[in-house]
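Chain and residue survey
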Amino acid sequence: MLIIIIWAAGAALLLINIILRTRILRLEGELKKLRAPQAYISYLRQQNVQGNKVAAIKALRKQYPEISMVEANRLYQNL
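Residues numbered from 1 in each chain as written. Predicted model: local features only at pLDDT ≥ 70, side-chain atom pairs only at ≥ 80, totals over all residues. Heavy atoms only, no water.

Looking only at helices and strands, one finds 4 helices and 0 strands in the protein. Its helices and strands in sequence order give the protein the pattern α-α-α-α, from N to C terminus. For a compact globule of 79 residues, the expected C-alpha radius of gyration is about 12 Å, and the protein comes in at 19 Å, more than 25% above that figure. Taking contacts inside the protein between residues at least 6 apart in sequence as the whole, the part at least 24 apart equals 44%. Surface accessibility of the protein: about 6,400 Å² in total, with carbon and sulfur atoms responsible for 64%. Looking at the protein, you have 12 positive and 4 negative side-chain charges, and the mean spots of the two groups are 5 Å apart. (Helix = DSSP H or I, 4+ residues; strand = E, 2+ residues; numbered from the N terminus. Rg over C-alpha atoms; globule rule 2.2 N^0.38 Å. Contact = heavy atoms within 4.5 Å. Areas by Shrake-Rupley, 256 points an atom, 1.4 Å probe, with all protein chains shown as cover. Lys, Arg positive; Asp, Glu negative; His and termini not counted. Charge placed at Lys NZ, Arg CZ, Asp CG, Glu CD.)

Have a look at this one:
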């Protein structure tokens, strides 16, 4: 009986986790749509004054946490 309760609780927690993760991903996608890539690029150009790639990407990700490392690197290479 106890094992069934534990399995049911685990299944419920797994479903809640999947629902919340899906919701977070959807909200991140909407947030990316609200901001134009030009805002990211202009901020990156301001940070790239010293020519330090790593510092510029870190500053961009700190300012815009919804950007992944791959996207930030791609934006930097597009400068």
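There is more to say after this.
The next thing to look at is the packing of aromatic side chains. Under the definition given, this model contains 2 aromatic pairs. An angle of 75° between the planes, with centres 4.8 Å apart, marks the rings of Tyr40 and Tyr64 as edge-to-face. Here the residue Tyr40 occupies a position in helix H2 (residues 37-47), and Tyr64 occupies one in the loop between helix H3 (53-63) and helix H4 (69-77), the gap between them amounting to 24 residues. For Tyr64, a relative accessible area of 10% gives the class buried. Each ring, one from Tyr43 and one from Tyr64, has its centre 5.8 Å from the other, and the planes form 85°; the classification is edge-to-face. Pair noted here: Tyr43 is in helix H2 and Tyr64 is in the loop between H3 and H4, with a separation of 21 residues, a long-range link. The structure contains a cluster of three or more aromatic residues connected by ring pairs, namely Tyr40, Tyr43 and Tyr64. (Phe/Tyr/Trp six-rings, centres within 6.5 Å; stacked < 30°, edge-to-face > 60°. Buried < 20%, exposed > 50% of the residue type's maximum accessible area, 1.4 Å probe, protein only.)

Time to look at H3. Each full turn of the α-helix corresponds to 3.6 residues, which orients residues three or four apart in the same direction. Every buried residue of H3 is listed here: Ala56, Ile57, Ala59 and Leu60. Across the axial projection of H3, the buried residues extend over an arc of 160°, all falling on one side. Within H3, the exposed residues directed more than 90 degrees away from the buried face are Val54, Lys58 and Lys62. Contacts from the buried residues of H3 go to H2 and H4. (Arc of directions from axis to C-beta.)

This paragraph deals with the confidence of the model for the protein. Predicted confidence across the protein gives a mean pLDDT of 87, with 100% of residues reaching 70 or more. Per-element averaging of pLDDT across the protein places H2 at the bottom with 83 and helix H1 (residues 2-34) at the top with 91. (pLDDT = per-residue confidence, 0-100.)

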